[in-house]
Amino acid sequence: MTDGSALHHVRLDYDGPVAVVSYDRPEKHNAFTDAMDRRLFEILAELHVRPGVRAVVWRGEGPSFSSGRDTSQLGVRTEDISDLEFIERGHRGTRQLFSLPCPILVALKGWVIGGSFERALLCDVRVAGESARMRLPEIQHGVVPDSGGSARLLQMAGPGLVADLALTGRVLSAAEALQHGIVSRVVPDEDLDDTVFGMAHAIAATPEFTVTMFLRTLRRLANPLVEHSLAEESVAQALVFASQDYAEFKAARAEKREPKYRGR
């Protein structure tokens, strides 16, 4: 079951045939917690079986789509579950993005960071407001990207950009993301919701079976590499969490000293 706060922090509404999933933790730039993830996965499961849904809009309240995982929960387990089990359970929830019978359109603005950036990459359409700033900062936190975004970015822009973003943690602007095909449109922030809702309703007005067949073809072309990546990332992240270098990273930060890594 999802706790009460997450019910408010991840909302599901309907605008006719368009389902609207909204992060609503604006004071934290919609940083997600384990409870918010559980709520998101519950919503995705509901959308799989709810009749009449023709498109999904995923958005965030406040200045940002999502600043990624709440760093206070990074590497923390509040239940008796292994790192590998925890990661693979999250991947089972994330994989629901691949099987929805309707398209998912994501409205990106402000901070779009880490796992939230990766999950947005797994959706069908991304539209950015001019303020959107995208990052993969995981390595700077001692861990690796583990939600399939590396594979999707590889497909879109090649290994050079993936390595640049992941290894340096630099910010990718909306304009640069458009140049690389990571987003399909950039609009003023004040027009972002109207633009994405307009696209969703235009899709909803087209023949349902035709849209389903197009998505089936597109996803069968695009998703096998991501599926393979998720399997590899599960193991990689579990090994990182158990590594001496990660323990040294956390100890050095806590003790405010230079780390001494051993490559193991």
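What counts and what doesn't
- Residues numbered from 1 in each chain as written.
- Predicted model: local features only at pLDDT ≥ 70, side-chain atom pairs only at ≥ 80, totals over all residues.
- Heavy atoms only, no water.
- Core = buried A, V, L, I, M, F, W, Y, C linked by side-chain atoms within 4.5 Å.
- Buried < 20%, exposed > 50% of the residue type's maximum accessible area, 1.4 Å probe, protein only.
- Helix = DSSP H or I, 4+ residues; strand = E, 2+ residues; numbered from the N terminus.
- Pairing = 2+ DSSP bridges.
- Contact = heavy atoms within 4.5 Å.
- Axes fitted to C-alpha atoms, helices over the stretch in contact; angles between N-to-C directions.
- Salt bridge = Lys/Arg side-chain N within 4 Å of Asp/Glu carboxyl O.

**Quick look at the nonpolar core**
Consideration 1: Core analysis: the largest hydrophobic core is formed by 47 residues, its most contacted members being Val-21, Leu-47, Val-56, Trp-58, Phe-117, Met-134 and Ile-182.
Consideration 2: The element best represented in this core is helix H2 (residues 34-49), accounting for seven residues.
Consideration 3: Core analysis: the second largest hydrophobic core is formed by 13 residues, Ala-55, Ala-107, Phe-197 and Ala-200 among them.

**What to know about the sheet that holds strand S5 (residues 111-113)**
Consideration 1: Reading across from one edge, S5-S7-S8 is the order of the three strands in this open sheet, with mixed pairing throughout. The strands lining the two open edges of the sheet, one partner per strand, are S5 and strand S8 (172-173).
Consideration 2: Where S5 meets strand S7 (residues 133-135), three bridges bridge the pair, whose relative direction is parallel. In the strand pairing of S7, Trp-111 is matched with Arg-133.
Consideration 3: Most of the contacts of helix H5 (residues 114-121) go to S5, to which it runs at about 85°, and overall it touches S5, S7 and S8.

**Thoughts on the pairing of strand S6 (residues 125-129)**
Consideration 1: With four of five residues buried, S6 lies mostly within the body of the structure.
Consideration 2: Bridge count between strand S4 (residues 104-108) and S6: four bridges; the pairing is parallel. From the neighbouring strand, Leu-108 faces S6, where its bridge partner is Ala-128.
Consideration 3: Strand direction decides the pairing type here: S6 and strand S9 (residues 185-187), joined by three bridges, are parallel. In the strand pairing of S9, Ala-128 is matched with Val-186.

**Examining the pattern of salt bridges**
Consideration 1: Tallied over the full model, the rule gives 15 salt bridges.
Consideration 2: Its salt-bridge partner being Arg-69, residue Asp-34 comes within 2.8 Å of it at the nearest N-O pair. Of this pair, Asp-34 sits in helix H2 while Arg-69 sits in the loop between strand S3 (55-60) and helix H3 (83-94), placing them 35 residues apart in sequence. Summarising the burial analysis for this pair, Asp-34 and Arg-69 share the class buried.
Consideration 3: Across the pair Arg-170 and Glu-176 runs a salt bridge whose closest N-O atoms are separated by 2.9 Å.

Treat this as a map of the structure, not an account of what it does.
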